[in-house]
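Inside the fold
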Amino acid sequence: MCALFAIVGAVAFNSASGAVLAAVVGLPAGIGAVAGNAVALVAGQFAPAGVARAGVLTEIWTGEMIKTFRTAPEALGWMQRIRSYNQYVENDVIHFTEMGGDPNVLVNNTSYPLAITALTDADKPISLDKFDTEATPVTDDELHAISYDKMASVQERHRDALREKIAQKAIHAIAPDADKEGVPVIKTTGASDGTRLKMTYNDILTLKRKFDGMGIPQKDRILVLCSDHVNDLLETEQKFKEHYNINQTEGKICRMYGFDIYEYDGTPYYTMSTGKKKAWGATVAAGDARASVAFYAGRMMKAYGSTNFYHSDAKNDPLYHRNLVNFRQWGICLPLTDTKSRAAIVSAPKPAA
């Protein structure tokens with residue numbers, strides 16, 4: 001009788017999973033339900049202990065992971081503004097063409113024959129970053145006894161962790177390393193909070209002047225504010241407070257001084273005294289603070305590569321009877337040009353007494 005219930009449970013789970021995936025791709029739910037059980041049967045996953053093993057149906061979970069991963073939540077609306085280059089990814093490498101210069105232009109030339117100048121372009125491959133989650137155990141006992149879909153819950157948490165890490169890596173890559181010609185790092189000028197100077201509207205206006213001076217197009221200017229700078233503006237700027245309390249769309253707070261403004265807690269840290277960006281993964285120290293990052297979306301790129309779902313089956317674990325599952329996602333986000341496309345606003349340290 002227990003075996004019969006297990007088989008019925010496996011069929012029900014495979015049918016539901018297949019129906020969901022079919023709906024995603026626009027097929028009738030009935031076809032998906034049949035296909036889900038067929039795939040499980042071929043994969044050797046349909047047996048008396050099938051309730052547990054149905055929970056790690058590789059094709060179902062990989063397909064659902066790809067769908068949900070590429071639909072960003074509101075908090076990452078700024079990343080949705082960046083153009084996707086997924087179609088150019090091959091074997092988790094994206095290929096760019098490095099232009100070999102421009103031809104010389106002759107004015108009122110009278111000398112012939114004309115000189116020949118070769119314009120040699122070169123392939124510039126960039127490997128996508130590899131993001132792996134640590135494995136999560138899911139035991140047969142859990143899958144048999146719990147009243148909710150444990151595998152779906154595990155997948156959601158792995159997806160969200162991957163998405164957050166990729167976004168943090170993206171905004172870190174976009175942010176300039178330090179102030180230099182064509183890549184400004186602006187210091188805040190507001191009142192001191194005891195540690196740093198707060199952000200003001202004048203700092204955003206300074207950023208606008210910098211973008212104007214670099215000839216950056218007016219459309220698709222993005223400003224991603226860290227939470228410290230958002231709170232600074234909420235304290236002092238009534239107009240910003242009014243915008244902030246309006247229902248947000250795609251995470252955008254408002255449009256101000258020509259920038260579409262978003263809030264994100266994962267912006268990179270800078271050393272306040274030097275205005276230099278901390279290296280990716282570096283330990284945060286006293287005197288460091290998160291910065292706000294601005295960029296022109298038309299000169300940024302992002303690309304997602306393959307999504308891999310890994311699992312070991314509980315039937316191969318005689319000691320713990322547990323499934324182990326984790327994900328790997330390939331992806332990258334970078335500026336297409338080094339200069340005249342991005343900037344940062346960094347909190348200045350409080351003045352010395």
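That block above? That's the structure.
Basis of the calculations
In every chain, residue numbers begin from 1 and rise along the written sequence. At least 70 in pLDDT is required for a residue's local features to be given in this predicted model, at least 80 for side-chain atom pairs to be given and counted, and no such filter applies to totals for whole chains, interfaces and linings, which use all residues. Computation of side-chain values: all heavy atoms of the structure, hydrogens and water removed. The way it works is that DSSP assigns letters per residue, a run of H or I at least four long becomes a helix, a run of E at least two long becomes a strand, and they are numbered from the N terminus. The buried label goes to any residue with under 20% of its type's maximum accessible area, the exposed label to any with over 50%, and the partly exposed label to all in between, with areas taken from a 1.4 Å probe on protein chains only. Any two residues whose heavy atoms approach within 4.5 Å at even a single point are treated as in contact. Throughout, the Shrake-Rupley method with a 1.4 Å probe supplies accessible areas, and for residues the shown protein chains are the sole cover considered. What we call a nonpolar core is a set of buried Ala, Val, Leu, Ile, Met, Phe, Trp, Tyr and Cys residues that are connected through their side-chain atoms within 4.5 Å. A pair of strands is labelled paired if DSSP reports no fewer than 2 bridges between them. Each axis is a line fitted through C-alpha atoms, and for a helix only the stretch in contact is used; angles between axes span 0 to 180 degrees, taken between their N-to-C directions. In this scheme Phe, Tyr and Trp rings, the latter by its six-membered ring, pair at centre separations within 6.5 Å, and the angle between planes marks the pair as stacked below 30 degrees, edge-to-face above 60, and tilted otherwise. Patch building starts from residues that exceed 30% relative accessible area and form no salt bridge, then joins like charges within 9 Å and nonpolar side chains (Val, Leu, Ile, Met, Phe, Trp, Tyr) within 5 Å. Put simply, a salt bridge is a Lys or Arg side-chain nitrogen that is within 4 Å of an Asp or Glu carboxyl oxygen.

Turning our eyes to something else, we now look at the overall build of the chain. Helices and strands together make up the secondary structure of the chain, namely 10 helices and 16 strands. Looking at the chain residue by residue over its 353 residues, the buried ones come to 41%. Within the chain, contacts between residues at least 6 apart in sequence are counted, and of these 74% link residues at least 24 apart. In the structure as shown, the chain presents an accessible area of about 18,500 Å², 55% of it carried by carbon and sulfur atoms.

The next thing to look at is the nonpolar core. Judged by nonpolar contacts, the single largest core of 34 residues is most densely connected at Trp78, Met79 and Phe295. Mapped onto this core, the elements with two or more residues apiece are α5 (77-80), α7 (150-174), β7 (221-225), β13 (292-296), β14 (300-312), β15 (322-335) and β16 (342-346). Aside from chain neighbours lying at most four places away, what touches Phe295 is Trp78, Ile82, Ile171, Ile174, Phe211, Asp220, Arg221, Ile222, Val224, Met300, Ser341 and Arg342. Core analysis: the next-biggest nonpolar cluster, separate from the first, contains 23 residues, Leu207, Ile216, Leu234 and Cys254 among them.

For the rest of this paragraph, the subject is the sheet that holds strand β9 (residues 259-263). The mixed open sheet is built from 6 strands, whose spatial order is β6-β16-β13-β7-β9-β8. Of all the strands in the sheet, the pair left with one neighbour each is β6 (185-187) and β8 (252-256). Neighbour-to-neighbour, the strand axes of this sheet turn through a mean angle of 20°, independent of strand direction. Here β7 runs beside β13; their pairing, made up of 4 bridges, is antiparallel. Note that in β13 the partner of Leu223 across the bridge is Ala294. The sheet contacts of α7 involve β7, β13 and β16, and relative to β13 the element is tilted by about 75°.

What follows is about the packing of aromatic side chains. Think of a pair of aromatic rings as described by two things: how far the centres are apart, and how the planes are tilted against each other in angle. Scanning all chains against the criterion turns up 7 aromatic pairs. Judged by centre distance (6.5 Å) and plane angle (70°), the ring pair of Trp78 and Phe295 falls under edge-to-face. Of this pair, Trp78 sits in helix α5 while Phe295 sits in strand β13; the two residues are 217 residues apart in sequence, bridging distant segments of the chain. Trp78 sits in the buried class, given a relative accessible area of 0%. Both rings, one in Tyr201 and one in Tyr257, keep their centres 5.9 Å apart while their planes meet at 70°; by these two values the pair is edge-to-face. Here Tyr201, found in helix α8 (residues 201-213), pairs with Tyr257, found in the loop between β8 and β9; they are 56 residues apart in sequence, far enough to count as distant. Using a relative accessible area of 11% as the deciding quantity, one classes Tyr201 as buried. These aromatic residues form a ring-pair network of at least three members: Trp78, Tyr264 and Phe295.

Turning to a nonpolar patch on the surface, a few remarks are in order. Together, Leu106, Tyr112 and Leu114 line one region of the surface with nonpolar side chains, adding up to about 370 Å² of accessible area. You can see Leu114 is positioned in the loop between β2 (93-98) and β3 (122-127). Since its relative accessible area comes to 49%, Leu114 is described here as partly exposed.

We now examine the pattern of salt bridges. Evaluated as defined, the whole model comprises 19 salt bridges. Across the pair Arg196 and Asp232 runs a salt bridge, and its minimum N-O distance is 2.9 Å. One end of the pair, Arg196, is in the loop between β6 and α8; the other, Asp232, is in helix α9 (residues 227-236), and 36 residues separate them in sequence. The exposure class assigned to Arg196 is buried, which follows from its relative accessible area of 7%. Relative accessible area serves as the criterion here: at 3%, Asp232 is assigned to the buried category. Between Lys208 and Asp212 there is a salt bridge, with the nearest N and O atoms lying 2.7 Å from each other. Separated by 4 residues within a single helix, Lys208 and Asp212 lie in helix α8, roughly one turn from each other. Among the residues examined, Lys208 registers a relative accessible area of 23% and is labelled partly exposed. With a relative accessible area of 32%, Asp212 lands in the partly exposed category.

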